[in-house]
Amino acid sequence: ALDAVQRARRASDAIESVKTWLPDAHAMDDAMRRARVSAESAPAVNERAREATAQRERGNAAYREGKYAAAIEHYDASCAIERNAAALANRAMCWLKLEKWDAAEADCSSALALDAVAFGVKAYQRRGMARREMGKYLESAMDFEEALRLEPTSKILKEERAKSQRAFELEAKIRPTQARVKIPVEHDRAVERGDDSLVDVDMGAVENAASCARDSVETSRRPAPAPETGRDDDLVGKAAAIAASKPVVAPRNGAEFERAYRREMKAAASTTSASRRAEILTLVPPDKMETMFAGGLDPDILADVATIALEHWYAKDENASAALEWLERLRAVPRFAVSAALRPSASSRALERAFAAARATAARASNA
């Protein structure tokens, strides 16, 4: 009887032991099975990648020979094996050569969705070219701007962006963006000019201006003397102090606004610069903005205006509604969309921070 009891106890212990290690055994078995399947499939995966690359290289060779249809077939085969951004971006170039703008746009968008870092410049540039041919001028300019964010020193991208921007401005019938050149002019006499007055042009003054311009160009080519840092800093500080001491005057037109606002932007190091820019904005009536800014605002000024309005106007509770109305009217200013799309990247970051702070301010106000 004692032996029977001991055998039963040993059997019970054995059963409990099996229950303990059986799940671990199953887990180990599953792990070994997955490793075996992975090892067996790895050569197949590598082979597919090699074949996709080979097809893409055949497509590149056909493209270099000007055989665009054959190149497209190879890129199709590469994507059928393994969809990849390189083949899509290269196929888009073939579509551009064949003037298939819709197909080129679609392939560039797909390439960007797969890998916007490695193939961003190519894809944005080619999609910008396709969209310009399709008449999507604003979207085209925005694509070239995105490409320039990735490759900011490219002259080709800057030229392509300028083409799309000019096309958009012509289509929208707005004043084209002009390069600003400062030319010193010697006036024979002071001329008071109103908004509707005519100004007599003295040809002698024009000839003097051209001569001064040539002299200034020649001077700019000469090596500049080493600056006296301490003296320059002192002069800048004095100039900023003088500018800050002058009262802010309401601008009568867009040119006066731009001169005054850009002067304050250049004095950004001054502690009063931001508040003075905000004061300039408050002196522009919302109902006159569309007329005053009929020629539009430069991209850098537009971004800074929105940032200042949010940070130094909207942030004040008593002026929040006026700031919101002003910003709402700003959207109706001509060329708003293209200027917003072409804003500098540094201004974009400042504007994003201003919007985040404004949302936080609105949230606190709603919870109060």
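Residues numbered from 1 in each chain as written. Predicted model: local features only at pLDDT ≥ 70, side-chain atom pairs only at ≥ 80, totals over all residues. Heavy atoms only, no water.

K.L.:
Looking at this structure, I do not really get the overall build of the protein. What am I missing?
P.N.:
Each helix and strand in the protein was counted, giving 16 helices and zero strands. Going through the 368 residues of the protein one by one, you find that 32% of them count as buried. Taking as baseline every contact in the protein between residues at least 6 positions apart, the subset at least 24 positions apart corresponds to 61%. Accessible surface, the protein as shown: approximately 23600 Å² in total, 55% of it carbon and sulfur. (Helix = DSSP H or I, 4+ residues; strand = E, 2+ residues; numbered from the N terminus. Buried < 20%, exposed > 50% of the residue type's maximum accessible area, 1.4 Å probe, protein only. Contact = heavy atoms within 4.5 Å. Areas by Shrake-Rupley, 256 points an atom, 1.4 Å probe, with all protein chains shown as cover.)

K.L.:
Looking at this model, I keep getting lost on helix α5 (residues 120-133). Mind explaining?
P.N.:
Given 3.6 residues per turn, any residue in an α-helix points the same way as the ones three and four places further on. End to end, α5 covers 20 Å across 14 residues, agreeing with the expected 20 Å (1.5 Å per residue, within 8%). Along α5, the residues that are buried comprise Gly120, Ala123, Tyr124, Arg126, Arg127, Gly128, Ala130, Arg131 and Arg132. Its buried side turned inward, α5 meets α3 (85-97), α4 (101-114), α6 (137-150) and α7 (155-172). Where α5 ends, the next residue or the one after it, Gly135, has phi of about 85 degrees, a positive value. (Expected span 1.5 Å × (residues − 1).)

K.L.:
Sorry if this is basic, but what is going on with the nonpolar core here?
P.N.:
Generally speaking, nonpolar side chains in soluble globular proteins are found buried as a group. With 32 residues, the main nonpolar core has Phe257, Tyr261, Leu281, Phe293, Val305, Trp326 and Leu330 as its most contacted residues. Residue assignment for this core shows that the elements contributing at least two residues are α10 (254-266), α11 (273-282), α12 (289-292), α13 (299-314), α14 (320-330) and α16 (345-367). If you tally residues by element for this core, the top one is α13, at nine residues. Setting aside chain neighbours within four positions, we find Trp326 in contact with Leu281, Val284, Pro286, Met289, Val305 and Trp313. Core analysis: the next-biggest nonpolar cluster, separate from the first, contains 25 residues, Tyr75, Ala85, Ala111 and Phe144 among them. (Core = buried A, V, L, I, M, F, W, Y, C linked by side-chain atoms within 4.5 Å.)

K.L.:
Would you mind showing me how to read the packing of aromatic side chains here?
P.N.:
For any two aromatic rings, the description comes down to two numbers: the centre-to-centre distance and the angle of the planes. In this structure the tally under the stated criterion is three aromatic pairs. Between the aromatic rings of Tyr63 and Tyr68, the centroid separation amounts to 5.4 Å while the plane-to-plane angle is 55 degrees, which identifies the pairing as tilted. Classification of Tyr63 by relative accessible area gives partly exposed; the value is 24%. Overall, Tyr68 belongs to the partly exposed group, its relative accessible area being 22%. Here Phe257 and Tyr261 contribute two aromatic rings whose centre-to-centre distance is 5.4 Å and whose plane-to-plane angle is 20 degrees, an arrangement assigned as stacked. With Phe257 and Tyr261 both in helix α10 and four residues apart, this pair spans about one turn of that helix. Look at Phe257 and you get buried, because its relative accessible area is 0%. Chaining the aromatic ring pairs together yields one cluster made of Phe257, Tyr261 and Phe293. (Phe/Tyr/Trp six-rings, centres within 6.5 Å; stacked < 30°, edge-to-face > 60°.)

K.L.:
Explanation requested: the pattern of salt bridges in the structure shown.
P.N.:
Pairing is possible between side chains that carry opposite charge, provided their charged atoms lie close to one another. This model, assessed by the stated rule, comprises 20 salt bridges. A salt bridge links Asp143 to Arg131, with the shortest nitrogen-to-oxygen separation between them at 3.1 Å. Pair noted here: Asp143 is in helix α6 and Arg131 is in helix α5, with a separation of twelve residues, a long-range link. The class for Arg131 is buried, based on a relative accessible area of 14%. As a salt-bridge pair, Glu256 and Arg252 come within 2.6 Å of each other at their nearest N and O atoms. Through salt bridges that share partners, Glu105, Arg127, Arg131, Lys136 and Asp143 make up one connected network. (Salt bridge = Lys/Arg side-chain N within 4 Å of Asp/Glu carboxyl O.)

K.L.:
What should I look at first to understand α14 in this one?
P.N.:
When α14 is considered as a whole, its buried residues turn out to be Ala320, Ala323, Trp326, Leu327 and Leu330. All buried residues of α14 lie within an arc of 125 degrees about the axis, which places them on one face of the element. Lining the buried residues of α14 we find α11, α12, α13 and α15 (336-341). (Arc of directions from axis to C-beta.)

K.L.:
Just to check I follow, could you spell out the packing of α13 against α16 for this structure?
P.N.:
Each pair of packed helices can be described by the angle between their axes along with the distance between the axes. Across the interface, α13 lies against α16 with an axial gap of 9 Å and an inter-helix angle of 30 degrees. With respect to α16, the axis of α13 lies roughly parallel. Of the two possible hands of crossing, α13 and α16 adopt the one that is left-handed. Along the contact surface, α13 presents Ala303, Ala306, Thr307, Leu310, Glu311 and Tyr314, while α16 presents Ser347, Ala350, Leu351, Ala354, Phe355, Ala358, Thr361 and Ala362. When the residues that make up the contact of α13 with α16 are grouped by side-chain class, the tally is ten nonpolar, three polar and one charged. (Axes fitted to C-alpha atoms, helices over the stretch in contact; angles between N-to-C directions. Parallel < 35°, antiparallel > 145°, perpendicular 65-115°, else oblique. Left-handed = near helix turned anticlockwise from the far one by under 90°. Nonpolar A, V, L, I, M, F, W, Y, C, P; charged D, E, K, R; others polar.)

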